[in-house]
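Report on the structure
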Amino acid sequence: MFFVDTLEFEGLGNRSYLVGGPRAAVAVDPPRDVDQVIAAAAKRGVCIAYVAETHVHNDYITGGLELARITGASYLVPAAAHVSFARTPVADGDTVTVDEGLVLRALATPGHTPHHTSYVLEEDGRGAAAFTGGSLLIGTVGRPDLVEPRLTEELARAQHASAHRLADELDDEVPVLPTHGFGSFCSSSQAEGDATTIGRERTANDALTLDVDTFVAEMLAGLDDVPAYYAHMGPANAAGPAPVDLTPPGRADAGEIAARLAAGEWVVDLRSRTAFAEGHVAGSFNFENDGKLATYLAWLIPWGKPVTLLADTPERIADAQRELARVGIDRPAAAATGDPAAWIREGERLASFPRARFADLAEVRGRGEEVVVLDVRRDSERAAGHVEGAVHVPVHELYGRLDEVPSGTVWVHCAGGMRAAIAASLLDAAGRAVVAVDDGFDAAREAGLTVTRP
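Worth saying up front: this structure is predicted, and the values here are computed from it rather than measured.

Regarding the overall build of the chain
In terms of regular secondary structure, the chain is built from 16 helices and 23 strands. Its C-alpha radius of gyration of 24 Å places the chain within 12% of the 22 Å reference for a compact globule of 454 residues. Counting only C-alpha atoms and orienting by the principal axes, one finds that the chain spans roughly 70 × 50 × 35 Å. Among the 454 residues that make up the chain, the fraction classed as buried is 56%. Here the analysis covers contacts within the chain between residues at least 6 apart in sequence; of these, 68% occur between residues at least 24 apart. Accessible area of the chain: about 18200 Å², with a carbon and sulfur share of 49%. Across the chain, 39 positive and 66 negative side-chain charges occur, with their mean positions spaced 3 Å apart.

Looking at the pairing of strand β1 (residues 3–9)
For a regular strand, side chains alternate in direction, first toward one face of the sheet and then toward the other. Residues F3, D5, L7 and F9 line the buried face of β1, whereas the alternating positions V4, T6 and E8 sit on a face that is not buried. Taken together, the seven bridges between β1 and strand β2 (residues 14–20) define a ladder with antiparallel strand orientation. Opposite D5, over in β2, you have L18 as the bridge partner. Count of turn residues in the β1/β2 antiparallel hairpin: four residues, of which G13 carries a positive phi of about 70°.

Quick word on unusual backbone geometry
Notably, D29 is not glycine yet its phi reads approximately 50°, a positive angle. With respect to the secondary-structure elements, D29 resides in the loop between β3 (24–28) and α1 (35–44). On the basis of relative accessible area, D29 is assigned to the buried category, the value being 0%. We note that D124 has phi near 50°; this positive angle belongs to a residue other than glycine. Positionally, D124 belongs in the loop between β9 (117–123) and β10 (126–133).

Quick word on the sheet that holds strand β12 (residues 196–197)
Taking strand neighbours across the sheet as the criterion, the six strands line up as β7-β8-β9-β10-β11-β12 in an open arrangement whose pairing is mixed. The open sheet has two edge strands, β7 (95–99) and β12, and neither has a second partner. Sheet topology note: the β7/strand β8 (residues 102–108) ladder contains four bridges and is antiparallel. Among the inter-strand pairings, T97 is bridged to a residue of β8, identified as V103. Taken strand by strand, helix α3 (residues 152–169) contacts β8, β9 and β10, and its axis lies near 145° from that of β8.

Observations regarding the pattern of salt bridges
Per the stated rule, a full pass over the model turns up 41 salt bridges. The salt bridge involving R322 is made with D35; its shortest N-O contact spans 2.9 Å. On the criterion of sequence distance, the pair formed by R322 in helix α11 (residues 314–325) and D35 in helix α1 is long-range, its members being 287 residues apart. The network of salt bridges with common partners includes D92, R105, E122, R165 and E169.

A look at the packing of aromatic side chains
For any pair of aromatic rings, the description consists of the separation of the ring centres together with the inter-plane angle of the planes. Applying the stated criterion to the full structure yields eleven aromatic pairs. On the numbers, 4.6 Å between centres and 70° between planes, the contact of W266 with F285 is edge-to-face. Here W266, found in strand β13 (residues 266–269), pairs with F285, found in strand β14 (residues 285–286); they are 19 residues apart in sequence, far enough to count as distant. Each ring, one from F276 and one from F353, has its centre 6.0 Å from the other, and the planes form 55°; the classification is tilted. With a gap of 77 residues between them, F276 in helix α9 (residues 273–278) and F353 in the loop between β16 (334–337) and β17 (355–356) connect regions that are remote in the sequence. Both residues of the pair, F276 and F353, belong to the buried class. Among the aromatic residues, ring-to-ring pairing joins W266, F285, F287 and Y399 into one connected group. Residue placement shows R15 over the ring face of F182; its charged tip is 3.8 Å from the ring centre. If you follow R377 out to its NZ or CZ, it ends over the ring of F441, 4.0 Å from the centre.

About the cut-offs
- Residues numbered from 1 in each chain as written.
- Predicted model: local features only at pLDDT ≥ 70, side-chain atom pairs only at ≥ 80, totals over all residues.
- Heavy atoms only, no water.
- Helix = DSSP H or I, 4+ residues; strand = E, 2+ residues; numbered from the N terminus.
- Rg over C-alpha atoms; globule rule 2.2 N^0.38 Å.
- Buried < 20%, exposed > 50% of the residue type's maximum accessible area, 1.4 Å probe, protein only.
- Contact = heavy atoms within 4.5 Å.
- Areas by Shrake-Rupley, 256 points an atom, 1.4 Å probe, with all protein chains shown as cover.
- Lys, Arg positive; Asp, Glu negative; His and termini not counted.
- Charge placed at Lys NZ, Arg CZ, Asp CG, Glu CD.
- Pairing = 2+ DSSP bridges.
- Axes fitted to C-alpha atoms, helices over the stretch in contact; angles between N-to-C directions.
- Salt bridge = Lys/Arg side-chain N within 4 Å of Asp/Glu carboxyl O.
- Phe/Tyr/Trp six-rings, centres within 6.5 Å; stacked < 30°, edge-to-face > 60°.
- Lys NZ or Arg CZ within 6 Å of the ring centre and 35° of its normal.

Right, here's the structure in full:
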């Protein structure tokens, strides 16, 4: 008998796995904060004998090197991956014995990266689970454009072939356990569902139902923007990441917060968008801790810029620090918690801005008032329909394009409210009059606004 424990990282849209038998286990694509993996192994009462990477990751900092060092496990990394640290190189067909009757077999599945490798867990010689990393995902595959633009089509074709190889070599009932595909931008399209098998993918995955030319053409046409911070993840992972440091940051008082803002540093308020809109430190930015904090903060912030975190509780600071460390934003410069009134100096006032619905925007337009409507969704979302007359700047580009937003009061929206809140905070910090539309985009047409296609 074997077990598979799934470690979910919703903020990044990824999963890691601990799989093994009664005595030993292997950790697949572990996160940087390896204490979670160690705790899972302790709960099972097993030693971590192997740490396996499916590829050099582009969307997060791995904890594999550190986990192997701490546990003494063999660190399995695809042989063709160019890395600067000692590891156990694995090539197609290589096997390791995890526990009695349990063998892990490497299966070359290039496409997401040239060296991508999946791992098949075999129990008594029969395939029992497939850890597919960024290869075969739930209803889709990993995107092929993160390594080198000139390789994108070649890798897309390799993804098609790798998906077929997995389907050809494994039985229908074998579970498919990917690392990406749960909201990660490493996925070529939005995955559907929470679990799958080889048999289900045979009938539902474009890589297995379309011919290669059609599959490649449709995939390349649907690729979305790449988060800017991805450019830093691959090199950091290839060099060998430093151990994570999750010790609490120093406490900042109102004077220090003001000084850091004056120095051009980022002060990030982790509270809900509702609380932020009601009252916040002027110049601070709102990235909700319950949203895709790491993805969007890492995407927008100038890389290496010091960041100070503000939150209602120390626990939220700790959660955010952990999530940010996973994408290489280490050691917040400072932090403050509690009542926002304590974050400003005597004589100062908290800033605020209104929130609204699409129905409110329709009412304002109906009265003939001239307002700027700013759509901060991605290009692919806007292509499906947008509010007539709306200016379009994706939220991840807004910080560098604030001067392109026309003068006047800006009503900013996204698809659900989270990104609009980020954008509203950026505009507010720049001194613009702003209204954050906190509403689902479907409500725009229902409110009587004209929704058109480009």
